[in-house]
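Secondary and tertiary structure notes
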Amino acid sequence: VPSFVTRFSQDTEFLETVENRPVLAILPFREEGTDGTYFSDGFTEDIITHLGRFPEILVLSWNAVAPYRDRGEPDILREELNARFVIGGSIRRSGERLRVTVQLTDARDGVLLWSERFEAHEAVVLRQAWVTKFSRGSAKRDAPVWEAAR
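Note that the coordinates shown come from a computational prediction; the quantities given were computed from them, not determined experimentally. Here the residue numbers are simple positions, counted from 1 along each chain's written sequence. With pLDDT at 70 or above as the cut-off, local features in this predicted model cover only qualifying residues; side-chain atom pairs require 80 or more to be listed or tallied, and sums for whole chains, interfaces and linings still use all residues. In computing side-chain properties, one takes all heavy atoms of the structure into account and sets aside hydrogens as well as water.

For the rest of this paragraph, the subject is the pairing of strand 7 (residues 112–120). Strands are treated as partners if at least two bridges between them are detected by DSSP. A run of DSSP states H or I qualifies as a helix once it reaches four residues; a run of E qualifies as a strand once it reaches two. Both are numbered from the N-terminal end. Relative to strand 7, strand 6 (residues 97–106) is paired through eight bridges, and the arrangement is antiparallel. Bridge pairing in strand 7 places L104 opposite W114. A loop of five residues connects strand 6 with strand 7, the two strands running antiparallel in sequence, and G110 in this loop sits at a positive phi of about 75°.

With respect to the helices and strands, G88 occurs in strand 5 (residues 85–94). Any residue under 20% of the maximum accessible area for its type is buried, any over 50% is exposed, and the rest in between are partly exposed; the area is computed with a 1.4 Å probe on protein chains only. Judged by its relative accessible area of 14%, G88 falls in the buried class. Residues G88 and T101 lie 13 residues apart in sequence; the distance between their C-alpha atoms is 8.3 Å.

As for its placement among the helices and strands, R84 is situated in the loop between helix 5 (74–81) and strand 5. The term polar contact refers here to a pair of N or O atoms within 3.5 Å; inside protein, the definition further demands a hydrogen-donor-capable atom paired with an acceptor-capable atom, and it admits residues adjacent in sequence only when both atoms are side-chain atoms. A polar side-chain atom of R84 sits 3.0 Å from a polar atom in the side chain of D106.

Turning our eyes to something else, we now look at the nonpolar core. In this structure, L24, I26, F29, L60 and I87 are the most contacted members of the largest nonpolar core, which totals 30 residues. Elements that contribute at least two residues to this core include exactly strand 2 (21–26), helix 3 (38–51), helix 4 (62–65), helix 5, strand 5, strand 6 and strand 7. Among the buried residues, those of types Ala, Val, Leu, Ile, Met, Phe, Trp, Tyr and Cys that are joined through side-chain atoms within 4.5 Å form a nonpolar core.

Here a Phe, Tyr or Trp ring, Trp counted by its six-membered ring, pairs with any other such ring whose centre lies within 6.5 Å, and the pair is stacked when the planes are under 30 degrees apart, edge-to-face when over 60, and tilted otherwise. In the structure shown here, the tally under the stated rule is two aromatic pairs. Judged by centre distance (5.6 Å) and plane angle (70°), the rings of F29 and F43 are edge-to-face. Linking F29 in the loop between strand 2 and strand 3 (30–32) with F43 in helix 3, this pair joins segments that are 14 residues apart in sequence. For F29, a relative accessible area of 1% translates into the label buried. In this structure an aromatic cluster arises from ring pairing among F29, F39 and F43. Charge over a ring is defined by NZ of Lys or CZ of Arg lying within 6 Å of the ring centre and within 35 degrees of the ring normal. Positioned above the aromatic ring of F39, the side-chain terminus of R93 is 4.3 Å from the ring centre.

The next thing to look at is unusual backbone geometry. A positive phi angle, close to 60°, is found at N82, a residue other than glycine. Residue placement: N82 occurs in the loop between helix 5 and strand 5.

For the protein chain, per-residue confidence averages 77 on the pLDDT scale, and residues scoring 70 or more make up 68% of the total. Per residue, pLDDT captures the predictor's confidence, and it can take any value from 0 to 100. Averaged over each element, pLDDT in the protein chain is lowest for helix 1 (residues 3–7) (38) and highest for helix 4 (94). Predicted confidence is poor over residues 1–11, with pLDDT under 50, and the contacts of this stretch with residues over four places away or in other chains come to 12 contacts. Throughout, a contact is declared for two residues whenever any of their heavy atoms are within 4.5 Å.

This paragraph deals with the pairing of strand 5. Here strand 5 lies mainly inside the structure; seven of its 10 residues are buried. When strand 2 meets strand 5, the two strands line up parallel, connected through three bridges. For L24, the partnering residue across the bridge sits in strand 5 and is F85. In terms of strand pairing, strand 3 meets strand 5 through three bridges, oriented parallel. Paired with E31 across the two strands is I91, which belongs to strand 5. Relative to strand 6, strand 5 is paired through 10 bridges, and the arrangement is antiparallel.

For the rest of this paragraph, the subject is the layout of surface pockets. Using only the protein atoms, space was sampled on a 1 Å grid; points where a 1.4 Å probe fits but cannot get out form cavities, open sets with protein on both sides within 12 Å along at least five of seven lines form pockets, and lining residues are those with an atom within 4 Å of a point. Grid points are joined across faces, edges and corners, and a volume is the space filled by probe spheres set on the points. Each pocket or cavity is described by its volume, and for the largest pocket that value is around 260 Å³. Lining the largest pocket are 16 residues, and of these L27, P28, R30, R69 and G89 lie nearest its centre. Breaking the lining of the largest pocket down by element, the ones donating at least two residues are strand 3, strand 5 and strand 6. Ranked by residues supplied to the lining of the largest pocket, first place goes to strand 5 with four residues.

Next up, the structure:
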């Protein structure tokens, strides 16, 4: 368990919303149809970097979430990393085309809060499209998805 988690493990509510900012765990995306994880790991790291720029949320680092690749159930991430929200998804390739599915889950109860599927020819365009949509608003109201879920 990372040292920043153990420092606050006695006060789960504090860590879940440090300074009133929800803690977000972005799990390594599953890469469907291949044996490797090189592309999906890079894609996940890019998303962590992009969402980490938003001051309204705290995004757990790649090193914190990478060990949870195969055991990323929301209750485990809440208990062990004190994540309030979990993003997960998959990447599929069909020739030059990419399809990414993304899900945002509330780690308290496992409820799916938001999901979307994106398709594009280039990974950079695809990543930017969903990060932009995720951060601009949800169907519930014109606010970032993590705000609408509160």
